[in-house]
Each structure stands twice: as C-alpha cells, then as structure tokens.
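# Examining the three-dimensional arrangement
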Amino acid sequence: MSPVQIELLLKIYYSGEMVAINSNRLRLAVNFFIHHEMIQETQPSKEKKDPQYELTEKGDFYVKSLMAIPMPVSKTIWVLPIEGDTSHDEQTCV
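Model, not experiment: these values are computed from the prediction.

About the cut-offs
Residues numbered from 1 in each chain as written. Predicted model: local features only at pLDDT ≥ 70, side-chain atom pairs only at ≥ 80, totals over all residues. Heavy atoms only, no water. Phe/Tyr/Trp six-rings, centres within 6.5 Å; stacked < 30°, edge-to-face > 60°. Buried < 20%, exposed > 50% of the residue type's maximum accessible area, 1.4 Å probe, protein only. Core = buried A, V, L, I, M, F, W, Y, C linked by side-chain atoms within 4.5 Å. Helix = DSSP H or I, 4+ residues; strand = E, 2+ residues; numbered from the N terminus. Contact = heavy atoms within 4.5 Å. Expected span 1.5 Å × (residues − 1). Arc of directions from axis to C-beta.

### Here we look at the packing of aromatic side chains
Inspection of the entire model under this criterion finds two aromatic pairs. Taking 5.0 Å as the distance between ring centres and 90° as the angle between the ring planes, the aromatic pair formed by Tyr13 and Tyr14 counts as edge-to-face. Considering the side-chain rings of Phe32 and Phe33, the 5.2 Å spacing of their centres and the 75° angle between planes classify their relative orientation as edge-to-face. Given a relative accessible area of 0%, Phe33 falls into the buried group.

The structure is reproduced here in structure tokens:
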C-alpha cells in the first residue's frame with residue numbers, strides 16, 4: 001500500500017472530508033478503494049461541492065487493523081558461523 005493510499009484512508013477515517021483530487025495518484029487511490037469496497041461516496045450536500053467519502057465496514061476494519069500494529073522493537077540474534085562460510089568470520093550480532 002502506498003503512502004498516498006494510507007493517507008487517503010486516514011483522512012476519510014478521521015474527517016470524512018476529501019482533499020481536492022488534483023493528482024492522478026489520488027484519483028487512482030480513490031478508484032482502487034471504491035473498487036475494493038473500502039470507501040463509498042456519500043450523498044452530495046449543498047454545502048460541499050467536492051465528493052465526500054466514508055469508509056465501508058471493510059475499510060474501517062482495515063484502518064483499525066493498521067492502527068493496531070505495534071511499534072517495532074529491536075531483537076538480538078546470535079548466529080554461529082557455518083564451516084566454510086566466509087560471510088561470518090566470527091559470531092555476529094544483528
């Protein structure tokens with residue numbers, strides 16, 4: 001998933017408002033999510049001329065899943081060199 005797609009989903013999740021579709025990437029992202037039933041266009045209102053979107057149940061689940069991903073932590077791994085393997089001259093810590 002591209003940063004543009006993630007940004008679009010989060011924008012819709014938090015505000016429901018659509019940024020101006022002034023780039024091909026944003027239009028492609030909107031079309032992608034509509035095709036995959038993750039967003040849907042809301043009923044037009046008199047106050048807002050630009051299209052407005054809302055997350056579908058599937059899109060809402062996906063955003064909540066993204067937000068539930070824990071922060072990465074470092075992990076030490078000890079490796080014993082394999083005899084004849086010259087990539088490890090000694091024990092390494094990654």
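### Quick notes on the nonpolar core
Leu8, Leu9, Ile12, Leu26, Ala29, Val30, Phe33, Met38, Ile39, Tyr53, Leu55 and Val63 form the largest nonpolar core, which has twelve residues in total. Listing elements by their share of this core, those giving two or more residues are helix H1 (3-15), helix H2 (24-35) and strand S2 (53-55). Element by element, the count of residues in this core is highest for H2, at four residues. Not counting residues within four places of it along the chain, the set of residues in contact with Ile39 comprises Leu9, Ile12, Val30, Phe33, Ile34, Tyr53, Glu54, Leu55 and Thr56.

### Comments concerning H1
With 13 residues, H1 ought to run about 18 Å at 1.5 Å a step, and its terminal C-alpha atoms sit 18 Å apart, in line with that. When we look at burial in H1, the residues that qualify are Gln5, Leu8, Leu9 and Ile12. For H1, the arc enclosing every buried residue in end-on projection is 95°, short of the 170-degree limit, so these residues lie on one face. With respect to the buried face of H1, the exposed residues turned more than 90 degrees away are Pro3, Glu7 and Tyr14. Against the buried residues of H1 lie H2, strand S1 (39-41), S2 and helix H3 (57-67).

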